[in-house]
Amino acid sequence: MPGLADCLSFLRLLIARGDPKGIPLARGAIDDYLAMAPVSARRRGLRVLQQDALELHVTSVGVQRSFAETVDAYIERKLAEE
């Protein structure tokens, strides 16, 4: 899927940092992925991103966990729009 690997690695980096100032960057990365991805692949790609965020959420603590929850919630909103 176009751009999915880049988005995934960028989100992992942002979640690992856990800086709340990175939330707009995470949203932007997800939006950029959606803009690049074929319509037929968007939901599947969002699910891959969401699954990764959930896995990071389970293994994280503190600000990283909160960041992963925020990413998950944003992806859930995007899935509802698809």
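Because the structure is a prediction, the values reported are computed rather than measured. (Residues numbered from 1 in each chain as written. Predicted model: local features only at pLDDT ≥ 70, side-chain atom pairs only at ≥ 80, totals over all residues. Heavy atoms only, no water.)

1. Describing the nonpolar core
And then number 1: Formed by 22 residues in total, the largest nonpolar core has its most connected members in I30, L49 and V71.
And then number 2: When near neighbours in sequence (up to four residues on either side) are disregarded, V71 contacts L11, I15, A26, I30 and A53. (Core = buried A, V, L, I, M, F, W, Y, C linked by side-chain atoms within 4.5 Å. Buried < 20%, exposed > 50% of the residue type's maximum accessible area, 1.4 Å probe, protein only. Contact = heavy atoms within 4.5 Å.)

2. Quick word on the side chain of K78
And then number 1: Mapped onto the fold, K78 is located in helix α4 (residues 62-81).
And then number 2: Overall, K78 belongs to the buried group, its relative accessible area being 15%.
And then number 3: Filtering out sequence-adjacent residues up to four positions away, K78 remains in contact with I30, D31, L34 and L46. (Helix = DSSP H or I, 4+ residues; strand = E, 2+ residues; numbered from the N terminus.)

3. Considering α4
And then number 1: With 20 residues, α4 should reach 28 Å at 1.5 Å per residue; the first-to-last C-alpha distance of 29 Å fits that figure.
And then number 2: Within α4 the residues assigned to the buried category are F67, A68, V71, D72, Y74, I75, K78 and L79. In a view along the axis of α4, the buried residues occupy a sector of 165°, so they form one face of it. Looking at α4, the residues exposed on the side facing more than 90 degrees away from the buried face are G62, A80 and E81.
And then number 3: Considering only its buried residues, α4 is in contact with α1 (4-17), α2 (23-36) and α3 (39-59). (Expected span 1.5 Å × (residues − 1). Arc of directions from axis to C-beta.)

4. Observations regarding the environment of F10
And then number 1: Following the sequence through the fold, F10 ends up in helix α1.
And then number 2: The exposure class assigned to F10 is partly exposed, which follows from its relative accessible area of 31%.
And then number 3: Spatially, the C-alpha atoms of F10 and L46 are 14 Å apart, while their sequence positions differ by 36 residues.
And then number 4: Every residue in contact with F10, bar those within four places of it in the chain, is listed here: L25 and A29.

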